[in-house]
Amino acid sequence: MNGNKYRALMSRFVSRAKRIAPETALASLFLALFVVSAAFLSWKIDRDLDPDYGKEYWVIAFEERGELSSGFFIENHSDEAEFTYTVSGGGETLASGTVPIARGEKRIIDLSASDIAGRVTITVEDGQKKKKSIYLER
Amino acid sequence: MTDIHMITFILFIFALALFFLSGWMLLRAMFGVRHPLSVFEMVVFSFALGVGVLDFSMIYMGGRDIPFTGMSVLLALLAVPLVLLALRIGYERFARHTGKGTDSVREKGSPFSASHNERLAFLLIVALTIFLRTIFLSDAGLPTATDLGHHMYWSKLIADSGTLPEYAKREIVTHDGTVSLSDPEPIADFIIGEHLPFAAIALLSGDSFFSAFPVNTLFLVNLLSVLALFALAVRFAAGFLAEHRVSPFSAGLFVLLFVGPLFAFSSPESKFVSGGVVGNLFGNLFIPLILLSLFRALRERDSRFLAIGIFLSFTLAYTHHLSSLVLLFVFAGILLSLLALFPRESGALAKRIGRLFLSPYPLVALAFAGIFFTAVAMPTYIETSAVDTAIGAPSKSTRTGLSFFQVSDASGAARASLGIAAILLAFFFRPSRSSAAFAFMLGWGGALLVMALRPHWVFLDIPSNRIGTYLSFPLALLAGLLAASLPIFLRTAGNGRPASFIPARLFLFGMLVLLGFSTWNGSADNQSSLPSAGKSKETAEVFHASEYLASRMAPDDLFLKDHNYLVADAWMKLFFMRGYDYPLSRGFFKRYEDETKPREQCTLLMISTPNLPDGRKCFDELGVNLIAVNPAYDAAQFEKSSSFSRIYAGDHIHLYERK
């Protein structure tokens, strides 16, 4: 847009703006400020509800309730990249392993069904040696 | 903001705009093109009337089994106002064609005319008001608040089912020593008008309830209530200050200062917005608007304003029972004030009020209210006789009234002291004693002071701190108008001598001290109310756990969660949508010890002592098989037991299943 056209456009805008009654302008600015604030709050709260943004946590759970055979999952929302799991029951280690899981990923780990009665425990440890465990009473 | 979030935000703003459009069409239909409303009044009245139109249309549609969808909600908002507007335009064209006049009259010499400096001051105060609230809500606005979770459950139910809800919940009852869940019993505490606007916005915008839209909606309601109080202050000031050359707009700015940026974080301001105290926020919007419309009806003898006041009062009755009760007491206070201040004119006043009521617009409004109440639906608290529980001698120590210190604490020392001073001083200021505006302010402030300080005088049995939150608006109004009118005491009399014995410099010093104290007091209140860092991580975990469980539920599963240590636990029910009482909840510990209101103990025992006989009995008889707790407080008792499996483990939430 060349300078003359731009100046003409600005001049038309200013003259139209001057014709708006002051009260209308104030009320419009009031509502406009609300819209801007609401947009900011919308962005901020959506970001806070994002499971990955600014968060450091991971969870473990059985893929199916009460079912060992369906396995369990680790859902990672942290900077940890590797998780070590151990399945134990009846005083024995039934299975173990290490899985890489990127942030935002959920990994299901299959388990073979076990005949062991009593508590079967799955313990998961991250790179910082933080542990969580879930267990099934059979 | 991602594209999808941007689109839903734009649709959200569009949905809000429809409320304004609906109300504007109604105003246009009533007043015509040349109307006696300022732009500020047009904005606040439009929104409030739009809410009323939506509520009554949706209640009517729900009663006729017309499902709620985006399209039907759009019709609910626009159909009736469009028809009325079309009739109005037709009438205006007919009147122009036949050379008859219409009742459309523009206001001459609006008190909202402002100088350049006044406009600048308005912008600054409003910008600060909005900025401070935004700061507060940026952390506190996360969907975690208990009250907001409860309300949004009902709104989500309306949006998901497309029907009106039945406000009922099951209770744990003991019969012949056996514990069980009762059949659903009606709840009086929820009123349909608190939930329909949110359901409508969700249907129109497609926005999730797990977003900012509930808080943004309440934010708008709060800001409009501030604007409504400003408009009311300007009208009042035009009544008795304008003749003393005090600019009504400037007087309004003082009130805006006391209710906007100062005490911005207190209840019932930002705290109520983030806390989701929906009914109270709508009440604080509707009450000033109803008083504004009644004031203008009385002063200008314009029955259309009376019709608006009747319609908004009726809308409030379907939105919040406590605000409706407060309004009734305020009406009584205003009536007593008018009779006390104008004893000789009481007959003329009665005639004026009678003539206003017996005019077409108010009669139509009353007829609509009467027909709707009797033939369509009445508020749930009327049906459940909840009124009986609010009237009577105070039954608990928390209902016996607040002290002056507590009122000062709740409303802010500056507002409370200046507001009460305004009431006392005005009795010595002759122009105010002969002003209807002062009668309104005295009635409003006086009624609430009596309800808060001496509830037994008016047979009120409601928690006094709830009444105390309604005091901030009338006290801010009185305080602001007092501050604006103080220069009158320094005006010179006609003979050139000062009208007051106070030297000008001393007076200026006093004004600066007053403003300084008010600013410090309001800002200190803000400072002390800043929320701590948000709980987004804990919230994300609780929501994830709820989503996990909701996708793996069997029809006969019964779930119990803890309210004391889980963040955002009240929002868990939105994932299951199996009833307001699902999941069951271990409430605050003190509630189980309340001797005035004995409660079931099972929800406490099943989490606190699940392995003891009483706890096991509750599990066996109720059939609860799923538990959610915060492991930092409640993991040990479940780990010790061989009856529970831990099926989900996060940092701040564990899920247990009983076998």
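## Description of the overall build of chain B
Within chain B one finds 29 helices and 9 strands. Counting the 659 residues in chain B, one finds 58% classified as buried. If you take every contact in chain B between residues at least 6 apart in sequence, the share linking residues at least 24 apart comes to 76%. A total accessible area of about 26700 Å² is found for chain B, and carbon and sulfur atoms account for 63% of it.

## Some words on the overall build of chain A
Scanning chain A from terminus to terminus reveals 2 helices and 7 strands. What you see in chain A, going N to C, is helices and strands ordered as α-α-β-β-β-β-β-β-β. If you line up chain A on its principal axes, its C-alpha atoms span 85 × 35 × 25 Å. Put simply, 51% of the contacts in chain A that link residues at least 6 apart link residues at least 24 apart. Taken as a whole, chain A presents about 7500 Å² of accessible surface, with 53% of it coming from carbon and sulfur. In chain A, 19 side chains carry a positive charge and 20 a negative one; their mean positions are 18 Å apart.

## Re the interface of chain B and chain A
With 65 residues of chain B at the interface, the matching set in chain A holds 46 residues. Each partner contributes to the roughly 4700 Å² buried at the junction of chain B and chain A, and carbon and sulfur atoms together form 67% of this total. Here chain B is connected to chain A by 5 salt bridges. Viewed at the interface, chain A and chain B are joined by 20 residue pairs in polar contact (both at pLDDT 80 or more). No other element matches the 10 residues that helix α4 (residues 116-140) of chain B contributes to the side of chain B that touches chain A.

## Things to note about the pattern of salt bridges
One pass over the full model with this rule turns up 29 salt bridges over all chains. Note that R103 of chain A and E56 of chain A form a salt bridge whose closest N and O atoms lie 2.9 Å from each other. Of the two residues, R103 of chain A sits in the loop between β4 (92-100) and β5 (106-109) while E56 of chain A sits in the loop between α2 (22-49) and β1 (57-64), which places them 47 residues apart along the sequence. Take R103 of chain A: its relative accessible area is 32%, and that puts it in the partly exposed class. We classify E56 of chain A as partly exposed; its relative accessible area is 37%. Among the salt bridges present, the one from D651 of chain B reaches K132 of chain A, with a minimum N-O distance of 2.8 Å. You can see D651 of chain B sitting in the loop between β8 (644-649) and β9 (654-658) and its partner K132 of chain A sitting in strand β7 (residues 131-137), one on each of two chains. D651 of chain B gets classed as partly exposed once you look at its relative accessible area, which sits at 22%. The class for K132 of chain A is buried, based on a relative accessible area of 8%. Linked by salt bridges that have partners in common, D52, E56, D79 and R103 of chain A make up one network.

## A look at the side chain of E23 of chain A
The residue E23 of chain A is located in helix α2 in this model. Look at E23 of chain A: it is buried, it has no salt bridge, and the nearest opposite charge is R235 of chain B at 7.2 Å. In contact with E23 of chain A, not counting residues within four places along its chain, are S38, V39, F40, S110 and F112 of chain B.

## Here's the deal with the environment of E171 of chain B
Residues and elements named next belong to chain B. Looking at the element boundaries, E171 is found in the loop between β1 (168-169) and β2 (172-175). The spacing of E171 and D581 is 410 residues in sequence and 7.9 Å in space, taken between C-alpha atoms. Leaving out residues up to four positions away in the same chain, E171 has contacts with S180, L181, S182 and E185.

## So, helix α11 (residues 303-317) of chain B
Here α11 of chain B is 15 residues long and its end C-alpha atoms lie 21 Å apart, about the 21 Å a rise of 1.5 Å per residue gives. Burial analysis of α11 of chain B places 15 of its 15 residues in the buried class, the great majority of the element.

## Topic: the domain arrangement of chain A
Domain annotation for chain A reports domain 1 (3-49) and domain 2 (57-137). Between domain 1 of chain A and domain 2 of chain A, the C-alpha centre-to-centre distance is 54 Å.

So, how was this worked out
- The residue numbering used here restarts from 1 in each chain and proceeds along that chain's sequence as written.
- Starting at A for chains and at 1 for ligands, labels are handed out in the order in which the entities are written.
- Under the rules for a predicted model, residues below a pLDDT of 70 receive no local features and side-chain atom pairs below 80 are neither given nor counted, while totals for whole chains, interfaces and linings still include all residues.
- Calculation of side-chain values draws on the structure's entire complement of heavy atoms; hydrogens and water are dropped beforehand.
- Helix and strand definitions here come from DSSP, where helices need a minimum of 4 consecutive H or I residues and strands a minimum of 2 consecutive E residues; each element is numbered from the N-terminal end.
- Accessibility here uses a 1.4 Å probe with only protein chains present; expressed as a share of the type maximum, an area under 20% marks a residue as buried, one over 50% as exposed, and anything in between as partly exposed.
- Contact definition: two residues touch when any of their heavy atoms are within 4.5 Å.
- Where accessible areas are quoted, they stem from the Shrake-Rupley method and a 1.4 Å probe; at the residue level, only the protein chains shown are allowed to cover.
- His is not counted here, nor are the chain ends, while Lys and Arg score as positive and Asp and Glu score as negative.
- For the purpose of locating charges, the reference atoms are NZ of Lys, CZ of Arg, CG of Asp and CD of Glu.
- A quick way to say it: buried area is the sum, across both parts, of accessible area lost when two parts are put together, with a 1.4 Å probe.
- A side-chain nitrogen of Lys or Arg and a carboxyl oxygen of Asp or Glu constitute a salt bridge if their distance falls within 4 Å.
- Pairs of N or O atoms within 3.5 Å make up the polar contacts considered here, provided that, within protein, one atom can donate a hydrogen while the other can accept it, and that residues adjacent in sequence are counted only when both atoms are side-chain atoms.
- To estimate the expected span of a helix, subtract one from its residue number and multiply by 1.5 Å.
- The domain limits used here are those given by an automatic or database domain assignment.

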